[in-house]
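# Structure at a glance
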2 protein chains.
Amino acid sequence: MKKLINQPADFVRESLEGMAVAHADLIQVNYEPTFVYRADAPVQGKVAIISGGGSGHEPMHVGFVGRGMLDAACPGEIFTSPTPDQMLAATKRVDGGAGILYIVKNYSGDVMNFEMAMELAHSQGIRALSILIDDDVAMKDSLFTQGRRGVGTTVLAEKICGAAAEQGYDLHQVADLCRRVNVHGRSVGVALSSCTVPAKGTPTFVLGNREIELGIGIHGEPGTERVSMKSGDEITEILARWLCPPQASLLDDTTYSRTVKEWNETKGKWVDIELLNKPLQKSDRLLAFVNSMGGTPIAELYLVYRKLAEICEQEGLQIVRNLIGPYMTSLEMQGCSITLLKLDDEMLKLWDAPVKTPSLRWGV
Amino acid sequence: MKKLINQPADFVRESLEGMAVAHADLIQVNYEPTFVYRADAPVQGKVAIISGGGSGHEPMHVGFVGRGMLDAACPGEIFTSPTPDQMLAATKRVDGGAGILYIVKNYSGDVMNFEMAMELAHSQGIRALSILIDDDVAMKDSLFTQGRRGVGTTVLAEKICGAAAEQGYDLHQVADLCRRVNVHGRSVGVALSSCTVPAKGTPTFVLGNREIELGIGIHGEPGTERVSMKSGDEITEILARWLCPPQASLLDDTTYSRTVKEWNETKGKWVDIELLNKPLQKSDRLLAFVNSMGGTPIAELYLVYRKLAEICEQEGLQIVRNLIGPYMTSLEMQGCSITLLKLDDEMLKLWDAPVKTPSLRWGV
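Residues numbered from 1 in each chain as written. Chains lettered and ligands numbered in written order. Predicted model: local features only at pLDDT ≥ 70, side-chain atom pairs only at ≥ 80, totals over all residues. Heavy atoms only, no water.

Looking only at helices and strands, chain A features eight helices and 18 strands. For 364 residues, the compact-globule formula gives about 21 Å, and the C-alpha radius of gyration of chain A, at 19 Å, lands near that figure. Each of the three principal axes of chain A carries a C-alpha extent, and together these read 55 × 50 × 40 Å. The burial tally for chain A puts 65% of its 364 residues in the buried class. Sequence-distant contacts in chain A: of pairs separated by 6 or more residues, those separated by 24 or more amount to 71%. Total accessible area on chain A stands at roughly 12100 Å², and carbon and sulfur atoms take up 49% of it. Positive and negative charge centroids in chain A, built from 36 and 45 side chains respectively, lie 3 Å apart. (Helix = DSSP H or I, 4+ residues; strand = E, 2+ residues; numbered from the N terminus. Rg over C-alpha atoms; globule rule 2.2 N^0.38 Å. Buried < 20%, exposed > 50% of the residue type's maximum accessible area, 1.4 Å probe, protein only. Contact = heavy atoms within 4.5 Å. Areas by Shrake-Rupley, 256 points an atom, 1.4 Å probe, with all protein chains shown as cover. Lys, Arg positive; Asp, Glu negative; His and termini not counted. Charge placed at Lys NZ, Arg CZ, Asp CG, Glu CD.)

Below, the structure is given as structure tokens:
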């Protein structure tokens, strides 16, 4: 293992210390418990957005803290959920009196800990709701998940909901919007190489010289299928066809319904919410997100984007916005993920709104 | 070799096609000869800035075309200089009547071809000057270079000079500024792994499991020294000490003078210009640029930044701006480079000015 790190156990903390020094105008970092928060938090009267999850996916989430996106992010150790005490401390630090929205990727540890954090927040008189992201169409039920995993749509939901909160949406409006982003987003990924968790020191899985793994998640957990190496266009076509009609989708995504638990504020209890993805249709407007898993150069991502755009055009889908680069990684893994998010006017406007974070910035 | 590409010979073109589709609002791509240019070019009355070089370093240069940075970029094949006909065609396309500045990294092929392009431009009545970037303190004279190589400072010079041109600086003012940026910038890099040029299909060099190479360039050409793997802090300290006092520098950088050829418009001929780097001094204000070579995750870059900031603070140097991420890469190489640029008020203001390109954007 060759990495620019010191002791593996210190990696997350030392990296955050670097972020804190580099971006003192935007963020601050609290240690014990660990969370990253907006330098100007709490913003009074604004809904605060908090996300979090295992580290090793940078810039997500810590690089997305700042104006127009997250109020706080709770990083766990590498590929390990943060704890409820981190989430509660972040919650208390950024609460501006208008409530907290937790954006939670669907991994069992994250889900459980954010549930506990939310109940703790409630017990301290802080309003909080949470929305689950479960956009990975590759598989249901993985090593770390019941249901579908939460992947690329998370980044898009953080941007869109962050803008909404900045513009004065109330807690229920932001939560409803986040739920809508989730059911309109679909993702799938491919690994060309594994990644090495520093504390372990050896690759999480082994791929042969001519093998790739389709349908991977973001922790090196198994994907859907291991196949022989193909051209960039062929790989993109496989991934895109899991997302686009007419063949979509491996999981019958066109009618994928599931029940998720959400806190109902009026009833004061957890209730079941049914979510349903609707198939993409001709003339839908999309945000296309081509994401590096960490070790894939941007020039390759553009080659993937080229083929993706061609397929979308064939299908009558309009890509009206895109995001291309390393935003949700698995350490140094080579490979990429593709997310297609169906946009409506409101989501489009919020996507375009100013954002100023260490790793996503425009308009300011 | 596993990459998201099709035929190696088509990689550069197909990647550019993806960029063209993704960023049609910002850039256009011309093929045969190949160059990327601002969608709104020519900007009448503005000095046009053109750079270029081998591909495989993305986002540099093609990702830096747009308002406030480059007017055009000429990408060669992977690690191969672009040709004078590409540069001439780009020149004619973006010439807004106020002259052209070529920003040229010091690699023999680039230097020779930009010289030819400039003479061709002159013969067609277009004013053009060129400034060489030779900021790599690790070594003089490499496989591809006479003198020092041009590395990280190039990105900073493109941003600063692009802003100056946008603000109405004339050709000589932009050229003088670019020369000043170059002599105030210093860079050094380290490789933890090699990279694989698609047409070759095997790694350019081989590093052992516990070896790293210090003082590498951006083409997999040999570095200064191959040493055993060290901690992130130790590696950062070695690199930083090549850039900062008191030990600076390997190349006696504190008094590094050299003679470079520049076109003198008044005399109508090439003249020798003497350049001299001055040592960094206490209370100097710096822009610190920690750059991924392509395969190193951003969390590791922040760990490097943390140690770099600590060393600069010890030395009384003030980091007032930073840039951290993959901006000048060597395909999927793991490793990083550090650039320290001494800023003056003018450079600082120009750095902060709005920029809108595919890969660097703020303020708009």
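Let's shift gears to helix H8 (residues 345-352) of chain B. Residue pairs spaced three or four apart in an α-helix point in one direction, given the helix's 3.6 residues per turn. Residues and elements named next belong to chain B. Turning to H8, its buried residues are Met347, Leu348, Leu350 and Trp351. Buried residues of H8, viewed axially, fall in a sector of 165 degrees; they line one side. In H8, the exposed positions angled more than 90 degrees off the buried face are occupied by Asp345 and Lys349. (Arc of directions from axis to C-beta.)

Residue and element names in this part refer to chain A. The assigned domain composition of chain A is domain 1 (14-183 + 257-279) and domain 2 (187-251 + 281-346). Computed from C-alpha coordinates alone, the two centres of domain 1 and domain 2 are separated by 23 Å. Between domain 1 and domain 2, the contact holds 34 residues from the first and 34 residues from the second. Counting each side, the surface lost to burial between domain 1 and domain 2 is near 2700 Å², with a carbon and sulfur contribution of 66%. Contact with domain 2 buries surface across domain 1, with Phe79, Val137 and Leu156 losing the most and accounting together for 22% of the total. Our count for the domain 1 to domain 2 interface comes out at three salt bridges. Arg149 serves as the salt-bridge partner of Glu221, at 3.7 Å between the closest nitrogen and oxygen. (Domains from an automatic or database assignment. Buried area = accessible area lost by both parts, 1.4 Å probe. Salt bridge = Lys/Arg side-chain N within 4 Å of Asp/Glu carboxyl O.)

Among the secondary structure elements, Glu14 of chain B is positioned in helix H1 (residues 11-22). A polar contact of 2.8 Å, which involves the side chain of Glu14 of chain B, links it to the side chain of Asn6 of chain B. Here Glu14 of chain B is in contact with Tyr302, Leu303 and Arg306 of chain A together with Asn6 of chain B, once residues within four sequence places are set aside. (Polar contact = N/O pair within 3.5 Å; in protein donor to acceptor, adjacent residues only side chain to side chain.)

Residues and elements named next belong to chain B. On inspection of all chains with the given rule, the structure shows ten aromatic pairs over all chains. Aromatic side chains Tyr102 and Phe114 sit 5.3 Å apart centroid to centroid with 50 degrees between the ring planes, which places their arrangement in the tilted category. Here Tyr102 is found in strand S5 (residues 100-105), whereas its partner Phe114 is found in helix H3 (residues 108-123), with twelve residues between them in sequence. For the pair formed by Tyr102 and Phe114, the shared burial category is buried. (Phe/Tyr/Trp six-rings, centres within 6.5 Å; stacked < 30°, edge-to-face > 60°.)

Frequently, the measure chosen for interface size is the accessible area that the parts lose on association. Every contact between the two is made by 56 residues of chain B and, on the other side, 56 residues of chain A. For the chain B and chain A pair, buried surface summed over both sides reaches about 4400 Å², with 61% attributable to carbon and sulfur atoms. Contact with chain A buries area across many residues of chain B, yet Lys2, Leu4 and Tyr302 of chain B alone supply 21% of it, more than any other trio. The tally of links between chain B and chain A comes to four salt bridges. In this structure, the salt-bridge partner of Glu17 of chain B is Arg306 of chain A, at a minimum N-O distance of 2.6 Å. At the junction of chain B with chain A, the criterion picks out 26 residue pairs in polar contact (both at pLDDT 80 or more). Mapped onto the side of chain B that touches chain A, the elements with two or more residues apiece are H1, strand S10 (211-214), helix H6 (232-243), helix H7 (298-314), strand S15 (318-325), strand S16 (335-342) and strand S18 (361-362) of chain B. Residues of the side of chain B that touches chain A, tallied by class, amount to 28 nonpolar, 16 polar and twelve charged. (Nonpolar A, V, L, I, M, F, W, Y, C, P; charged D, E, K, R; others polar.)

A separate point is the relation of the copies chain B and chain A. Laying chain B over chain A is done by rotating through 180 degrees and shifting 0.0 Å along the axis; what remains is an RMSD of 0.0 Å. The transformation relating the two chain copies, once decomposed into turn and shift, fits a two-fold axis. Residue Gly295 of chain B, judged by its C-alpha, is the member of chain B lying nearest the rotation axis, at 2.1 Å. Interface overlap between copies is the fraction of interface residues in one copy that are interface residues in the other; for chain B against chain A it reaches 100%, indicating a shared surface. (Least-squares fit on C-alpha atoms with pLDDT ≥ 70 in both.)

Turning to the confidence of the model for chain A, a few remarks are in order. Residue and element names in this part refer to chain A. When pLDDT is averaged along chain A, the result is 94, and 97% of the positions lie at 70 or above. Confidence drops under a pLDDT of 50 for residues 248-252, and excluding neighbours within four residues, the segment shows 17 contacts in the predicted structure. In the predicted complex, the global pTM is 0.97; the interface-specific ipTM is 0.97. (pLDDT = per-residue confidence, 0-100.)

All names here are of chain B. Along the polypeptide, Leu132 turns up in strand S6 (residues 128-133). For Leu132, a relative accessible area of 18% gives the class buried. The spacing of Leu132 and Tyr102 is 30 residues in sequence and 8.4 Å in space, taken between C-alpha atoms. Residues within four places of Leu132 in sequence aside, it is in contact with Val104, Asn106, Val111, Asn182 and Val260.

What follows deals with the sheet that holds strand S4 (residues 72-78) of chain B. All names here are of chain B. Strand order across the open sheet formed by six strands is S1-S2-S4-S3-S5-S6, with mixed pairing between neighbours. Each having just a single partner strand, strand S1 (27-30) and S6 make up the two edges of the open sheet. Strand-to-strand twist of the sheet, defined as the mean angle between neighbouring strand axes without regard to direction, takes the value 20 degrees. As paired elements, strand S3 (residues 48-55) and S5 share four bridges and run parallel to each other. The residue bridging Ala48 from the neighbouring strand is Ile100, located in S5. Set on the sheet, H1 makes contact with S1, strand S2 (35-38), S3 and S4; between it and S4 the angle comes to about 145 degrees. Helix-sheet contacts for H3 involve S3, S5 and S6, and the interaxial angle to S5 is about 165 degrees. (Pairing = 2+ DSSP bridges. Axes fitted to C-alpha atoms, helices over the stretch in contact; angles between N-to-C directions.)

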